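Geometric and topological summary
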Amino acid sequence: MSSTPVLLDNTQTRSEVLKDRILPAMLAGMLGLGLLYAAGFAEAAQLHNAAHDGRHSASFPCH
């Protein structure tokens, strides 16, 4: 047996990693925080109506 090193195909650059993995994760986190912020300051009736409309648009009965 020979002990030749095996070269791994590591062609993904840092900018591709940023573009393909980190940026979407950061955008999803920012969207989640934005929704949490908006829900924190919304009135209870507005949140109920939004959830109610969401249930109906997804074909879930709610009452």
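Read on for an overview of the structure. Fair warning: this is a prediction, and the values are worked out from it, not measured in the lab.

Right, let's talk about the overall build of the protein for a bit. A tally of helices and strands in the protein yields two helices and zero strands. When the 63 residues of the protein are sorted by exposure, 0% land in the buried category.

Turning our attention to helix 2 (residues 44-57). In this model helix 2 runs 20 Å from its N-terminal to its C-terminal C-alpha over 14 residues, within 8% of the 20 Å that 1.5 Å per residue would give. Positive phi appears at S59, one or two residues downstream of helix 2, with a value of about 65°.

In this section: helix 1 (residues 14-41). If you check helix 1, its first and last C-alpha atoms are 39 Å apart, about what 28 residues at 1.5 Å a residue would give, namely 40 Å. Along helix 1, the sharpest change in direction is near 40° and occurs at I22; proline P24 comes one to four residues later. The buried fraction of helix 1 is low, at zero of 28 residues.

Cut-offs and rules
Residues numbered from 1 in each chain as written. Predicted model: local features only at pLDDT ≥ 70, side-chain atom pairs only at ≥ 80, totals over all residues. Heavy atoms only, no water. Helix = DSSP H or I, 4+ residues; strand = E, 2+ residues; numbered from the N terminus. Buried < 20%, exposed > 50% of the residue type's maximum accessible area, 1.4 Å probe, protein only. Expected span 1.5 Å × (residues − 1). Bend = angle between axes of the 7 residues up to and from the residue.

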